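These are the residues of each chain, in order.
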Amino acid sequence: MASVTILGSNNQQISLSFDPSANFALAQQLAQQINASVADGQLITASDLNGPPPTLPSGTNGVFFQSTLKFVALPPGYTTDIVNVPGSAVVFGGADPTILSGEATNLTFVDASGSGTVVAGGADSRLLVGGAGNWSLNTAAGHNVIIAAGSGNDSITAGGGNNAIQLGSGADLVVASGNDMIEGGTGAETVDATGASGTFVQGNASDLLFIGGLGGATILGGSGSDTYFGSAAGPAGKQLIVGGSSGDNYLFAGDGAATLTGVGNNDQLFAYGTSNQVLTAGAGNETLTAALSSGADSLTAGSGNDTLIGGSGADTFVGGMGNATVMAGSGADVYAFINHQAGGTELVQGIFDPSAIKISLQGYGASAVAKALASQTESNGSVTIALSDGTKVTFQDVTALHHSNFL
């Protein structure tokens, strides 16, 4: 722990301890600004050793030293509260305040209309802010609850504990470093989870930009549009990413176990790294690519007009109900079709060795391979087979399929 000291006008002072790896640097910077303002007379100090905050003279601003009172409602003019109460302390309001609380205090702060900065050094903090103002909310390692429900553009730095964060309608930035649960609102949020151990995001109606690290991530996109960048720095934790229904989702898996699901139109899903990853299209027109992956990935077409691109691993392409175009990869790929889950058309391109084609028919019955072979037709140097659920598959630049092409 490291400490900062706030000096009063009558030989008063409060020293607050902070975690140097969390928010000590910010607290130190604010303490220097406060001390300078007190020294040149811009701020008047008062202490709860003399009771609740006294009324300030007209036209002046004040700093309140809170070391014994468990509950303080800051009167008009008090722009700063320095909290060093052992255990729990509650602070209401203030004039766009700066609130500093050390590691001895579990702070609860409530302000429904203003803007300001809160730096909480205690293990468990509860911060509730609203209105159109912009807030900077900073907590230490612990179990913190942060609700930034207003329309302002808020910046939230959550400590390395288990944090619950709820956002509003502004453009918010969240820096996550623990196991965090984040609920989006109706605005836009950027989540920096490069240092997080695990992150869960419920997007709701917001637009999300998520930058992941080595920790796991679960993102449920809601009705917005989402951009997800997984970690490329090494094997990441499990990633379960579902895009928003507004479409235009850009989902780029990190180098680890990942399941990416498109939902809207114009979604782009990318497998990456050496792990086996799962990419699934939804109802829109989507692009699924494993071109940057050497894992054995699974790419599943949906009900739209989809493009599926293989990588260097042994990929599996699963047919859907729409119209899919598949670009074969360089690995030992499998083309799978599941009865009642397929039914669309599929065009497979990029086949250099027809003997390496492997087709898996699931749920079509014992004679499915024979029926598929009997259905094949050749046109313009490409062969097409038909399945019993209406699926039609064309292998471009392949003139015939044989029994050895089926698993």
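Going by the structure above, here's the rest.
The following paragraphs examine the structure supplied in this document. Keep in mind that what you see is a predicted model, and the values were worked out from it rather than measured.

Considerations on the packing of aromatic side chains
In step 1: Enumeration according to the criterion identifies ten aromatic pairs in this entry.
In step 2: The interplanar angle of 85 degrees and the centroid separation of 6.2 Å between the aromatic rings of Phe 64 and Tyr 78 together place this pair among those described as edge-to-face. Here the residue Phe 64 occupies a position in strand S4 (residues 61-66), and Tyr 78 occupies one in strand S6 (residues 78-83), the gap between them amounting to 14 residues. In terms of burial, Phe 64 and Tyr 78 fall into one category: buried.
In step 3: The rings of Phe 229, Tyr 250, Phe 252, Phe 270 and Tyr 272 are connected pair by pair, giving a single aromatic cluster.

Quick word on the pairing of strand S13 (residues 145-148)
Walk down a regular strand and you will see the side chains alternate between the two sheet faces.
In step 1: Side chains Ile 146 and Ala 148 of S13 all project onto a buried face; the interleaved residues Val 145 and Ile 147 project onto a face where none is buried.
In step 2: Relative to S13, strand S11 (residues 126-129) is paired through four bridges, and the arrangement is parallel. The partner of Leu 128 across the bridge, within S13, is Ile 147.

Here we look at helix H1 (residues 24-39)
In step 1: Taking 1.5 Å as the rise per residue, H1 with 16 residues should run 22 Å; its terminal C-alpha atoms sit 22 Å apart, in good agreement.
In step 2: If you check which residues of H1 are buried, you get Phe 24, Ala 27, Leu 30, Ala 31, Ile 34, Asn 35, Ser 37 and Val 38. An end-on view of H1 places all buried positions within 160 degrees of arc, on one side of the element. Among the exposed residues of H1, those pointing more than 90 degrees away from its buried face are Ala 25, Gln 32 and Ala 39.
In step 3: Gly 41 lies just past H1 and shows a positive phi near 85 degrees.

Brief notes about unusual backbone geometry
In step 1: The backbone of Asn 266 shows a phi angle near 65 degrees, a positive value even though the residue is not glycine.
In step 2: Of note, Asn 266 is situated in the loop between strand S25 (256-261) and strand S26 (268-273).
In step 3: By relative accessible area, which is 43% here, Asn 266 ends up partly exposed.
In step 4: One non-glycine residue, Asn 380, adopts positive backbone phi at about 55 degrees.
In step 5: Inspection of the secondary structure puts Asn 380 in the loop between strand S36 (377-379) and strand S37 (382-386).
In step 6: Among the residues examined, Asn 380 registers a relative accessible area of 78% and is labelled exposed.

Let's talk about the nonpolar core
In step 1: With 76 residues, the main nonpolar core has Tyr 335, Leu 361 and Phe 395 as its most contacted residues.
In step 2: It is helix H2 (residues 368-375) that provides the largest number of residues to this core, a total of four residues.

What to know about the pairing of strand S8 (residues 98-101)
In step 1: The side-chain alternation of S8 yields two buried faces, one formed by Thr 98 and Leu 100 and the other by Ile 99 and Ser 101.
In step 2: Pairing of S6 with S8 involves four bridges; the strand directions are parallel. Opposite Asp 81, over in S8, you have Ile 99 as the bridge partner.
In step 3: Note: S8 against strand S10 (residues 116-120), four bridges, orientation parallel. Bridging across to S10, Leu 100 finds its partner in Val 119.

Cut-offs and rules
Residues numbered from 1 in each chain as written. Predicted model: local features only at pLDDT ≥ 70, side-chain atom pairs only at ≥ 80, totals over all residues. Heavy atoms only, no water. Phe/Tyr/Trp six-rings, centres within 6.5 Å; stacked < 30°, edge-to-face > 60°. Helix = DSSP H or I, 4+ residues; strand = E, 2+ residues; numbered from the N terminus. Buried < 20%, exposed > 50% of the residue type's maximum accessible area, 1.4 Å probe, protein only. Pairing = 2+ DSSP bridges. Expected span 1.5 Å × (residues − 1). Arc of directions from axis to C-beta. Core = buried A, V, L, I, M, F, W, Y, C linked by side-chain atoms within 4.5 Å.

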